[in-house]
Amino acid sequence: MTISDNIIISVIVPAHNEEKYVERCINSIKQAASRVKCGVETIIVCNRCTDRTAELALANGARVVTDESRCIATVRNAGINAARGKVIVTIDCDNRMTEDTLREILGMLNSGKYIGGGAPLRFERYSAALWINDIICRLGFKLTGLYCSIFWARKSDFDAIGGFIEKKAGEDIATAKALRAYGRKKGKKYGCLRNNHLINSTRKYNDMGDWLYFKLIFKNAGALIKAAFGDRSGYDKLMDEMFYDYNK
């Protein structure tokens, strides 16, 4: 039996022009895969890539699929639809997972207590501003229980909720809510990894300053308020600038 016959875990990695980061992300997955006794495939979902992301992904043993959507949830769903594994794990291409991430995920799912869940995040470097960001994230996760960062669940359960909720932004929280609600119906909890975490990239902070998101909130307060009342034009433009056209 070859490893491709025994694929249990499919790691879905959306990527938009990520040639600088795709190899290190894949290497972190390979390290985590070496700690489990089952097949693991990495699927890089190339989204409007014009660089060497696909070439480097293939050279490092990943599968490559393409999706041209300007919606990260749709991009992730393209990877899930192509997956051969029974367990789905998602991670963004500029981030990394710690070495026992996949083993802990399998342990939690095999316990029968969890429908799926997320992971804590830790920045790859810290400053005063990033510590404040970190604390806000920890408080938000703790208060809501909707841990995101790395998503994990059985493919059958992702399929049951229709995959990632296809919103241009906020899809992570919406999907966590849907997965948690589905889990409650099955008597299971939405969980969070305890011993492993996401290593969160600071590239946007490196490019635009560590107080980036605080400045954006202040600068775009009007657009955010309008979005809350249904006018998303300014908000969608901001999302394009910060996510869908970043790395263009």
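How each quantity is defined
Residues numbered from 1 in each chain as written. Predicted model: local features only at pLDDT ≥ 70, side-chain atom pairs only at ≥ 80, totals over all residues. Heavy atoms only, no water. Helix = DSSP H or I, 4+ residues; strand = E, 2+ residues; numbered from the N terminus. Buried < 20%, exposed > 50% of the residue type's maximum accessible area, 1.4 Å probe, protein only. Areas by Shrake-Rupley, 256 points an atom, 1.4 Å probe, with all protein chains shown as cover. Phe/Tyr/Trp six-rings, centres within 6.5 Å; stacked < 30°, edge-to-face > 60°. Core = buried A, V, L, I, M, F, W, Y, C linked by side-chain atoms within 4.5 Å. Contact = heavy atoms within 4.5 Å. Patch = residues over 30% accessible without salt bridge, like charges linked within 9 Å, V, L, I, M, F, W, Y side chains within 5 Å. Salt bridge = Lys/Arg side-chain N within 4 Å of Asp/Glu carboxyl O. Pairing = 2+ DSSP bridges.

### Topic: the overall build of the protein
And step 1. Helices and strands together make up the secondary structure of the protein, namely 11 helices and 10 strands.
And step 2. A burial count over the protein gives 52% of its 248 residues as buried.
And step 3. Carbon and sulfur atoms make up 53% of the accessible area of the protein, which totals about 12,100 Å².

### Re the packing of aromatic side chains
And step 1. Going through the model one piece at a time under the given rule, you end up with eight aromatic pairs.
And step 2. Taken together, a centroid distance of 5.8 Å and an interplanar angle of 80° make the contact between Phe123 and Tyr126 edge-to-face.
And step 3. Phe123 sits in the buried class, given a relative accessible area of 7%.
And step 4. Using a relative accessible area of 30% as the deciding quantity, one classes Tyr126 as partly exposed.

### A few points about the nonpolar core
And step 1. With 65 residues, the main nonpolar core has Val11, Val89 and Leu102 as its most contacted residues.
And step 2. Counting residues per element, this core draws most heavily on helix H1 (residues 22-33), at six residues.
And step 3. Contact partners of Leu102, with chain neighbours within four places excluded, come to Ile9, Val11, Ile29, Ala32, Ala33, Val36, Val40, Val89 and Met97.

### A word on a nonpolar patch on the surface
And step 1. Taken together, the side chains of Trp131, Ile135, Leu139 and Leu143 make up a nonpolar region of the molecular surface, amounting to roughly 470 Å² of accessible area.
And step 2. Here Leu143 is to be found in helix H5 (residues 128-144).
And step 3. According to the relative accessible area criterion, Leu143 is exposed, its value standing at 74%.

### Side note on helix H3 (residues 72-82)
And step 1. Judged by how many residues are buried, H3 sits mostly within the fold: eight of 11 residues are covered.
And step 2. Taken together, the buried positions of H3 are Ala73, Thr74, Val75, Arg76, Asn77, Ala78, Gly79 and Ile80.
And step 3. Where H3 is buried, its residues meet strand E1 (7-15), strand E2 (39-46), strand E4 (87-90), helix H6 (155-160) and helix H7 (171-185).

### Quick look at the sheet that holds strand E5 (residues 96-97)
And step 1. With mixed pairing, the three strands of this open sheet are ordered in space as E5-E10-E7. Single-partner strands in this sheet number two, and they are E5 and strand E7 (121-123).
And step 2. As defined by bridge partners, E7 adjoins strand E10 (residues 198-200) across three bridges and the pair is classed as parallel. If you follow Phe123 over to E10, its bridge partner there is Asn200.

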